[in-house]
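Understanding the architecture of this molecule
Spelled out from the first residue to the last, the chains are:
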Amino acid sequence: MRMVLLGPPGSDKGEFATKVADKYNLVLLSIAGMLSDAVKERLEAGIQAQAYLERGQYVPDEILFEVMRHRLSRPDVKTGFLLVGFPRSTAQADSLDEMLEKNGMALDLALHLDVEDEILLERLEGRRTCISCGIRYNIFTNPPLVDGVCDVCGGRVGRGADSNEVVISNRLRAYEQQIHTLASYYLLHEKLREIPGGGNPKDVTRLLFKTIDEWSAAELDEKTKALMDKVEAVTDTAEVEEKVVEEKPEVEAKKAPAKKKAPVKKKAPVKKKAPVKKKAPVKKKAPVKKKAPVKKKAPVKKKAPVKKKAPVKKKAPVKKKAPAKKKVAAKKKTAKKGGKKK
Ligand code: ZN
């Protein structure tokens, strides 16, 4: 099983991801984790990424994907993975699909935790952290016993720099725009599953498992059906072939040797009767059966605005990569120039 788990800041997607990965035996992947591994391994792309992060800049997609490609080439992901918090744009989703499909590891599902804004605001604005031991509190849902004092170590419990209201609402707004187009993308590809993520964690976990189990069951059904169709097709063909052989035993006999060396003279009699035509229509029929059930899949609902986004599919990924390269190059140049001047 290969899945991505998306969710807004404050949806606790990391914690849910751990539960899903444990239950389904998936390798848990996050961009932060892959980048830090790549840095430790002294991977070229990892070192480049680190330089961007140290300057407080976004890591360009090109480098991100190089790091990911490296990680996904390890054998442990062959049995399945869960990628958390990525992709963040349709361009990234497109590149990710391309990369995965090229490696025969197409994505199965895109799970999205859908949480109401009020709940997110409460969670994010209520977040407090002990500056000594790092334990997290929430003044609304899980406050320390004494206001501002850590239960565990007695350290000061305060707001992180990133948890003021303006920063929070900006993050939420940015996410909303992001997920809007991403959800359309995965909806088009029939991979999107929306999970109401605002309830208590146990319920959300159960919903996640249920969604994945339903997908698995449907997938198994499809595979079984496809297999049955194949068996049927093979049986049909065999029956017809038998008939053909019975009806035209001479022709069949002549055909075989003709293929070996085929002296031109022997071919001539075959042309007169041309029984080959009888076989052709049978073969055409068989594969057609398979396709029908596949389309019924998508039990996706919700989100009316999605229809507007139809053109998403058109995007040619190659074109997008080009400007990214230019940017990187440009940044490097400016960096070099700056260095020389100093
Ligand atoms: Zn503490």
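In the block above lies the structure referred to throughout.
Below is a short write-up of the structure. (Residues numbered from 1 in each chain as written. Predicted model: local features only at pLDDT ≥ 70, side-chain atom pairs only at ≥ 80, totals over all residues. Heavy atoms only, no water.)

**Here we look at the sheet that holds strand β3 (residues 81-84)**
Put simply, the rule reads: A pair of strands is treated as paired once DSSP finds two or more bridges between them. Runs of E in the DSSP output that reach at least two residues are strands. Runs of H or I that reach at least four are helices, and both are numbered from the N terminus. Axis lines are fitted through C-alpha atoms, for helices just across the contact stretch, and the angle between N-to-C directions can take any value from 0 to 180 degrees.
The strand order across the open sheet built from five strands is β2-β3-β1-β4-β8, with neighbouring strands paired in parallel fashion. Of all the strands in the sheet, just β2 (27-30) and β8 (192-196) have a single pairing partner and so form its edges. Within this sheet the neighbouring strands show an average axis-to-axis angle of 25°, counted without direction. The sheet contact formed by strand β4 (residues 109-114) and β8 spans five bridges and is parallel. Each bridged residue has a counterpart across the sheet, and for Leu111 the counterpart in β8 is Arg193.

**A closer look at the coordination of the zinc ion**
Our working definition: Donor selection uses N, O and S atoms within 2.8 Å of the metal (3.2 Å for Na, K and Ca). Since no water is included, sites may look incomplete. Burial status follows relative accessibility: with a 1.4 Å probe on protein chains alone, a residue under 20% of its type maximum counts as buried, one over 50% as exposed, and anything between as partly exposed.
Those protein atoms acting as donors to the zinc ion are Cys130 (SG), Cys133 (SG), Cys150 (SG) and Cys153 (SG), and they sit at 2.3 Å. The sequence pattern formed by the donor residues of the zinc ion is C-x2-C-x16-C-x2-C. With Cys130 in strand β5 (residues 127-130) and Cys150 in the loop between β6 (136-138) and β7 (157-158), this residue pair connects regions lying 20 residues apart in the sequence. Judged on exposure class, the residue Cys130 and its partner Cys150 are both buried.

**Some remarks on the packing of aromatic side chains**
The test is simple: A pair of Phe, Tyr and Trp rings is counted when the ring centres sit within 6.5 Å of each other, with Trp represented by its six-membered ring. The angle between the planes then sorts it: under 30 degrees is stacked, over 60 is edge-to-face, the rest tilted.
Going through the model one piece at a time under the given rule, you end up with three aromatic pairs. Between the aromatic rings of Tyr24 and Phe209, the centroid separation amounts to 5.8 Å while the plane-to-plane angle is 80°, which identifies the pairing as edge-to-face. Taken together, the positions of Tyr24 in helix α1 (residues 13-24) and Phe209 in helix α8 (residues 201-247) put the pair 185 residues apart, joining distant regions of the chain. Using a relative accessible area of 19% as the deciding quantity, one classes Phe209 as buried. Centroid distance Phe65 to Phe86: 5.8 Å. Interplanar angle 65°. Geometry classified as edge-to-face. You can see Phe65 sitting in helix α4 (residues 61-72) and its partner Phe86 sitting in the loop between β3 and α5 (90-102), a full 21 residues away along the chain. Among the residues examined, Phe65 registers a relative accessible area of 5% and is labelled buried.

**Quick word on a nonpolar patch on the surface**
This is how it is decided: Each patch groups residues whose relative accessible area exceeds 30% and which form no salt bridge, using 9 Å between like charges and 5 Å between nonpolar side chains of Val, Leu, Ile, Met, Phe, Trp and Tyr. Here the accessible surface of atoms and residues is derived via Shrake-Rupley with a 1.4 Å probe, and residues count as covered only by protein chains that are part of the display. Salt bridge, as used here, is a side-chain nitrogen of Lys or Arg placed within 4 Å of a carboxyl oxygen of Asp or Glu.
On the surface, a nonpolar cluster with roughly 310 Å² of combined accessible area is contributed by Leu145, Val146 and Val149. Mapped onto the secondary structure, Val149 falls in the loop between β6 and β7. For Val149, a relative accessible area of 33% corresponds to the partly exposed category.

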